[in-house]
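# Notes for the structure review
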Amino acid sequence: MPAMRLGIDIGGTFTDFILTDDDAGAQYVWKTLTTPQDPVDGVISGITDCLEHHGLSTDKIRLTVHATTLITNALIERRGAPTGLITTEGFADLLEIRRELRYDLYDLKIRLPDPLVPRERRLEVRERIDASGDIVVPLDEDQVRSSARKLASYNVDAVAVCFLHGYRNPWHERRAAEIVRSELPNVAISCSSDVAPEIREYERFCTTVANAYVQPLAGRYLTAMRSRLSNNRVAVPLFVMLSNGGFTDADEASNTPVRFVESGPAAGALIAGHVASSAGYDPVLAFDMGGTTAKLCVVEGEDPVLTHSIEVARVDRFKRGSGLPLMIPSVELIEIGAGGGSIARVDELGLLSVGPESSGAEPGPACYGQGGKAPTVTDADLLLGYLNAAYFLGGRMQLDPCAARDAIETQLARRLGLDVERAAVGIHDLVNENMATAAGVYIAELGRDPREFTLVATGGAGPVHAVGVARRLGIGRVLVPPTAGVASSAGLLVAPPRIDLAVSLPVRLDRMEGAQIDDQLQNLEREAARRLSGALGANEQPTIERSVDMRYVNQGHEINVPAPSGAVDSQFSAALRENFETTYQELFGRTVPGVPVECITWRVSARASRPDLRLRAGVRGNTETPRQRAVRFASHGERHETPVWQRESLGLDTDWRIGPAVVEEAESTTVIPPDDRWRIDMHGNLVIEIAAGRST
Amino acid sequence: MRQTDTGFDPVSLRILWNRLIAIVDEAAATLRRTSFSTLVRESNDFACVLLDRHGNSLVQNSAAIPSFIGTLPITVRHFLELFPIETLRPGDVLTTNDPWLATGHLPDISVVMPIFQDGSLVALSASVAHLPDVGGRIRSADARTIYEEGLQVPPCKLFDAGEPNDLLFRVIRQNVRVPDQVIGDIMAQVAANSLASRRLLRLIDQTALDLPRLATAIHNVSEQATRDAIRDIPDGIYRSEVLTDGVDERLHIRLALTVEGDTIDCDFSGTSSEVDYALNSVSNYTFAYTAYPLKCLTSPDVPNNEGSVRPIRVHAPEGTILNPRYPAPVGGRAMIGHFLAAAVFEALAPALPDRVQAPSGSPLWCLNLAGAHEDGQFAVAYFLNGGQGAMQDADGMPCLSFPSNVSNTPVEVMEHLAPVRVERKQIRRGSGGAGTHRGGDGQRLDVRLLGSRPATAAFLADRLHTPASGLLGGLPGEPGEVLLNGEPINPKRQRAVAVDDVLSLRTPGGGGYGPPSKI
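In this text the structure is predicted, and so the values were computed from the model without any measurement. (Residues numbered from 1 in each chain as written. Chains lettered and ligands numbered in written order. Predicted model: local features only at pLDDT ≥ 70, side-chain atom pairs only at ≥ 80, totals over all residues. Heavy atoms only, no water.)

In this section: the overall build of chain B. Secondary structure assignment for chain B yields eleven helices and 20 strands. A compact globule built from 519 residues would reach a C-alpha radius of gyration of about 24 Å, and chain B, at 22 Å, matches this within 12%. Along the longest, intermediate and shortest principal axes, the C-alpha atoms of chain B span 65 × 60 × 40 Å. Buried positions account for 68% of the 519 residues belonging to chain B. (Helix = DSSP H or I, 4+ residues; strand = E, 2+ residues; numbered from the N terminus. Rg over C-alpha atoms; globule rule 2.2 N^0.38 Å. Buried < 20%, exposed > 50% of the residue type's maximum accessible area, 1.4 Å probe, protein only.)

Once that is clear, we can look at unusual backbone geometry. Look at the link from G659 of chain A to P660 of chain A: it is a cis peptide, with omega at 15 degrees. Within the secondary structure, P660 of chain A sits in the loop between strand 31 (657-658) and strand 32 (661-664). The residue after S362 of chain B, namely P363 of chain B, is reached through a cis peptide bond having omega -5 degrees. Position of P363 of chain B relative to the elements: it lies in the loop between helix 10 (340-348) and strand 12 (365-373). If you check the backbone angles, D118 of chain B has positive phi at about 50 degrees while not being a glycine. By relative accessible area, D118 of chain B is classed as exposed at 77%. Backbone geometry places N485 of chain B, a non-glycine residue, at a positive phi of 50 degrees. You can see N485 of chain B is positioned in the loop between strand 17 (481-484) and strand 18 (487-488).

Structurally, the position occupied by R122 of chain A is in strand 6 (residues 122-125). Polar contacts involving the side chain of R122 of chain A include one to the main-chain carbonyl oxygen of A92 of chain A, which spans 2.7 Å. Excluding anything up to four places from it in sequence, R122 of chain A contacts L85, A92, D93, L95, E96, P115 and V117 of chain A together with R429 of chain B. (Polar contact = N/O pair within 3.5 Å; in protein donor to acceptor, adjacent residues only side chain to side chain. Contact = heavy atoms within 4.5 Å.)

The subject of this paragraph is the interface of chain B and chain A. By a widely used convention, the size of an interface equals the accessible area lost when the partners come together. Tallying the contact residues gives 85 residues for chain B and 73 residues for chain A. Linking chain B to chain A there are nine salt bridges. K109 of chain A is the partner of D393 of chain B in a salt bridge, and the nearest nitrogen-oxygen pair spans 3.2 Å. Counting across the chain B and chain A interface gives 36 residue pairs in polar contact (both at pLDDT 80 or more). Looking at the side of chain B that touches chain A, the elements that each hand over two or more residues are helix 1 (10-34), helix 3 (66-82), helix 5 (179-207), helix 6 (211-231), helix 7 (283-298), helix 11 (411-417) and strand 14 (420-427) of chain B. If you tally residues by element for the side of chain B that touches chain A, the top one is helix 1 of chain B, at 15 residues. Its residues assigned to classes, the side of chain B that touches chain A comprises 39 nonpolar, 22 polar and 24 charged. (Salt bridge = Lys/Arg side-chain N within 4 Å of Asp/Glu carboxyl O. Nonpolar A, V, L, I, M, F, W, Y, C, P; charged D, E, K, R; others polar.)

Moving on to the packing of aromatic side chains. Considering all chains together, one arrives at 16 aromatic pairs over all chains under this definition. Relative to Y326 of chain B, the ring of W100 of chain B has its centre 5.3 Å away and its plane inclined at 70 degrees; by these criteria the two rings are edge-to-face. Remark: Y326 of chain B occurs in the loop between strand 11 (312-315) and helix 9 (334-337) and W100 of chain B occurs in the loop between strand 3 (93-96) and strand 4 (108-117); sequence separation between them is 226 residues. Through a chain of ring-to-ring contacts, the aromatic side chains of Y106 of chain A together with Y292, F345 and F402 of chain B assemble into a single cluster. (Phe/Tyr/Trp six-rings, centres within 6.5 Å; stacked < 30°, edge-to-face > 60°.)

Residue and element names in this part refer to chain A. The terminal C-alpha atoms of helix 7 (residues 201-231) lie 44 Å apart, and with 31 residues this matches the ideal 45 Å at 1.5 Å per residue to within 8%. A maximum bend of about 40 degrees is found in helix 7 at Q215, where proline P216 lies one to four positions downstream. Directly after helix 7, the chain includes R233, whose backbone phi takes a positive value near 65 degrees. (Expected span 1.5 Å × (residues − 1). Bend = angle between axes of the 7 residues up to and from the residue.)

Turning our eyes to something else, we now look at the state of the cysteines. Put plainly, a disulfide is one covalent bond tying together the sulfur atoms of two cysteines. By the definition in use, this model includes zero disulfides over all chains. With no disulfide partner, C162 of chain A has as its closest neighbouring cysteine sulfur the one in C191 of chain A, 8.2 Å distant. Its sulfur unpaired, C48 of chain B is 20 Å from the next cysteine sulfur, which belongs to C156 of chain B. (Disulfide = S-S within 2.5 Å.)

Residue and element names in this part refer to chain A. Burial along strand 10 (residues 188-191) is two-sided: A188 and S190 and I189 and C191, pointing in opposite directions, are all buried. In the sheet, strand 9 (residues 158-162) pairs with strand 10 via four bridges, with the strands oriented parallel. Within the sheet, the bridge partner assigned to V161 lies in strand 10 and is C191. Following the chain from strand 9 across helix 5 (residues 171-183) to the adjacent parallel strand 10, one finds a crossover that is right-handed. (Pairing = 2+ DSSP bridges. Right-handed = clockwise from strand over helix to strand, strands pointing away.)

All names here are of chain B. Relative to the helices and strands, T96 is located in strand 3. With relative accessibility at 1%, the residue T96 sits in the buried group. Within the structure, the side chain of T96 is placed 3.0 Å from the backbone nitrogen of D98, a separation counted as a polar contact.

This part covers the packing of helix 1 of chain B against helix 6 of chain B. All names here are of chain B. Where helix 1 contacts helix 6, the two axes come as close as 11 Å, and the packing angle between them is 100 degrees. The orientation of helix 1 with respect to helix 6, classified from their angle, is roughly perpendicular. In this structure, helix 1 contributes L13, L16, W17 and L20 to the contact, and helix 6 contributes L214, A217, I218, V221 and S222. Taken together, the residues of the contact of helix 1 with helix 6 break down into eight nonpolar, one polar and no charged. (Axes fitted to C-alpha atoms, helices over the stretch in contact; angles between N-to-C directions. Parallel < 35°, antiparallel > 145°, perpendicular 65-115°, else oblique.)

Moving on to the packing of helix 3 of chain B against helix 7 of chain B. All names here are of chain B. Their axes nearest at 8 Å, the elements helix 3 and helix 7 cross at an angle of 125 degrees. Compared by their axis directions, helix 3 and helix 7 come out oblique. Here helix 3 and helix 7 pass one another in a crossing that is right-handed. Every residue of helix 7 that contacts helix 3 at P66, S67, G70, T71 and I74 is listed here: N284, Y285, F287, A288, Y289 and Y292. Along the lines of polarity and charge, the residues of the contact of helix 3 with helix 7 split into seven nonpolar, four polar and no charged. (Left-handed = near helix turned anticlockwise from the far one by under 90°.)

A few words on the nonpolar core. Counting residues in hydrophobic clusters, the biggest one holds 110 residues, and the most contacted among them are L285, F287 and L455 of chain A. With twelve residues, helix 12 (residues 420-445) of chain A is the largest single contributor of residues to this core. Look past the residues within four positions of L455 of chain A in its chain and what remains in contact with it is L285, F287, A466, V469, A470, I475, R477, V478 and L479 of chain A. One finds V76, L158, L251 and A381 of chain B within the second-largest nonpolar core, a separate group that totals 105 residues. (Core = buried A, V, L, I, M, F, W, Y, C linked by side-chain atoms within 4.5 Å.)

Quick look at the pattern of salt bridges now. Scanning the model with the defined rule gives 74 salt bridges over all chains in all. As a salt-bridge pair, E96 of chain A and R122 of chain A come within 2.6 Å of each other at their nearest N and O atoms. Here E96 of chain A is found in helix 3 (residues 94-97), whereas its partner R122 of chain A is found in strand 6, with 26 residues between them in sequence. Across this residue pair, the class does not change: E96 of chain A and R122 of chain A are buried. The closest approach of N and O atoms between R448 of chain B and E423 of chain B, which form a salt bridge, is 2.6 Å.

Spelled out as structure tokens, the structure:
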């Protein structure tokens, strides 16, 4: 059976391709500029070029997996469809009232994002469902019909249907959707009971409206992608990576596009987990640092840690609470305003401060020589000798060390009363500190100890800063995979295809009615298996897992607890209670005796088997003698003469060497301080073990 | 900007400071995730603070509310007087809800944990949270003395060298309507404090940190930033007067704010005398809500700590509504304290017209309901807010918490917790005051009592008769309203509501800024 798989990752600047031939164990990567006008153009030309370059044909491709920033950008740039809302009478303003909280206590001028649907297109209809899911006011169908007509007069392309307690009883939403569909057959419709069936109306409505808002765009895009792929003889199932690292087919993705807002970062977390796990390391802190931001994500046994709510399109990009909340399953990652382009400045206290403002790609760091004057992290890294002015992007770009020094000297060092190198060390240290601090809080919120992790560094700036971040967190090992600068796209092909489904059915564990829950779980399991079938190999059976979001009665936050398979009976309840207490104890150090427990959301996941994929390391010739460069390390005073290696020349499965060292490859540079030891393992990963005892 | 000699280089100081903030943010996350009532997790009505060994605050959690971060250091210093350092042991946890020593009303419980390293006290971690119930006749303006307002817990040990004070726990359980939630929330505070304590000790250990020296540095640079900002305000005496509804008669807050060099002195002489209604704001609370708007005006970007408030003095004569004497009732102190921001802004408007904000539709409003349903007793606090005041360059936002930072309770959660149906939650269009920039709109929340038994309702609500005035020519917002079955009622009185009764709370709009343009 032909067995090539194609991964396509559309980012803001580049579209990355990866093709794997699972039979031959071969792997091909390609990179092309993203075509923002119509991203499918870049995809088609990229595939054509990639196949031609590698002398391949399309007929062996059996599966395509796709990630894109399209949805996130549409929400940030407000490029979605004109959308209407039909909601419970009395509640059209919930989207505008929000949660009434200020995300910055001392800034009197905070702004919150405008609702995606303006007031005149938020229409109310008579209906009411109560907290137990009972209908207390029947749906006024005529009013739904007239609302649909009114929305038609606003030329909406999408309608969200959001009723109070819709997560408990979807009947009114479904009936209203039917009526809207009959009135407006060409309009996309999203129901809150389908998109985000969870309690808390503001967040659920917001998610549903966001989904409706991007639905027409996503539908057009995926249809075009599929037909043009097919015209180019890639007529195979098209899967889309979801924010939780799962998959869905293009049809389902068109219905709930809001679920793939974080598809790119999910792929990045998956590849980090995969390379570490293949090399025998687990758990993992995936660390991806680019030009503007750093993203960190905990991955365990190749599975990224998940969350059920995220925030997008923030008004203030790095302030929690300033964006639109989305109740979707997603990899739980943190994004920090720390990248190569982050700008360093002297703040109002006379202290050094780095980021979150970034010089971006234009004008870029001072050393790019494109007109950027502000000192940045990349300028500091260059000044300290970490980066090679002549080998940035493999030599395709020349950096200007004088401009870097000048920016740091005039704008920082003099005003701080420090010499220029100390100021550069300060920038490098502080950006590491900012990332480590944020990562520390994030890891703690997951109830974990950072010292147990291996840090896996990707992205252009990741390997430069990885050891500094790891050391601050007490992490002992850093792994830099081959082609670390572009590794993320491979994440599309390493995950086992999976479908996740959930139903909200709040019930106290000691008052549970087995039959109803049995029915629901079996329905979910059948549906998940059906949707997964296109991604299964011949004769392959999916693995089905259940879990439940549980809490003590009256607590507001649930924890996800694995659930047993089999019938829902007293044995099932007992096992579930035990699993809950074990998980709670692990997270919070204690349980709360005597308090009843409730189950809120029931979840089912169906998975195919894990595909085999290894990132191929470039290896050429014999080990070359390294060049030497004077490099300044934070903890070691003066500059050290440091060997600078070309990564491809190191070979595989090497002996340990002792730092300091700098290892260069085309898309990134790894910096290893004195005393830390390092080697290239048999898979081509650069592994660094951090010397004990030193801490900043 | 001036350099302050701190003994730390500008990089190390920033790094260590950030680490302390991360510690309290982590403690806050723990408190939120393990709490039982809606007040912490849905409404954000709590704070975590880390203090030096003298009880001076170092850092607070990022989303903390202004009252608690102002009062908690004062509470901790009271504890250090009552429990001298030599009497404290590792594993001790201190607590109180005394309004005069702590936050100004009984439902807030302060929990303080001394942190020891090698047998000596190095710091304290503290948290305060609003409990879902504290017994008594539920929070209402018409309490005549504090004895009606619930259980008073004098300063005492909740844990003694790690051993729980069983009697205290039993007393609390016996006195409150929802004991599992109350004890659950207190234990969540203990968990948060211990986490902050462990994290701080690890930081000290890992970095050989000289904490007293770091504390001095943090305080000095913050103090200097505040002083620099104050120096930019022209010297002078700035005056304002703010009216509130009161109960029998309107109450006034009179402020004379003196800027002299790099200090600010706030004198509330001439303010109304204390009243026999629960509107009195103890001096801690008065201080917190006077210092907070000044911080917004002077150094909003500097993380808050003891140094930020050192250049600020607040004086309210004893026996006034801003400094009442025991046993005055205090449960509704927000109905006075939340107006202090408006007094400060109005006073400084001539000097800082580009920074001040017109009065908001304050205070924080709340519907307290207590009664019985099929699962036993319920006691809930549903929060809601009015419109934000306008500024020189922006309209006010609708329905935003100010000067507090307490979130609304989701409708679906409200209906889960008590036998009620919310029939309407909508913006009161046009309720914000007109102006060059408009004040933000208030909201309307209609709640019907279900179930089979009557319940008791009490309110935090004001500005029914004294709307949020406009600033510098802006017009006032619409006043608030509270109705029972369509008839206006006095929300300063607690009352029984019958099954099927509908309460309608309509919060005030914010004031406008600058004269409205003529059309």
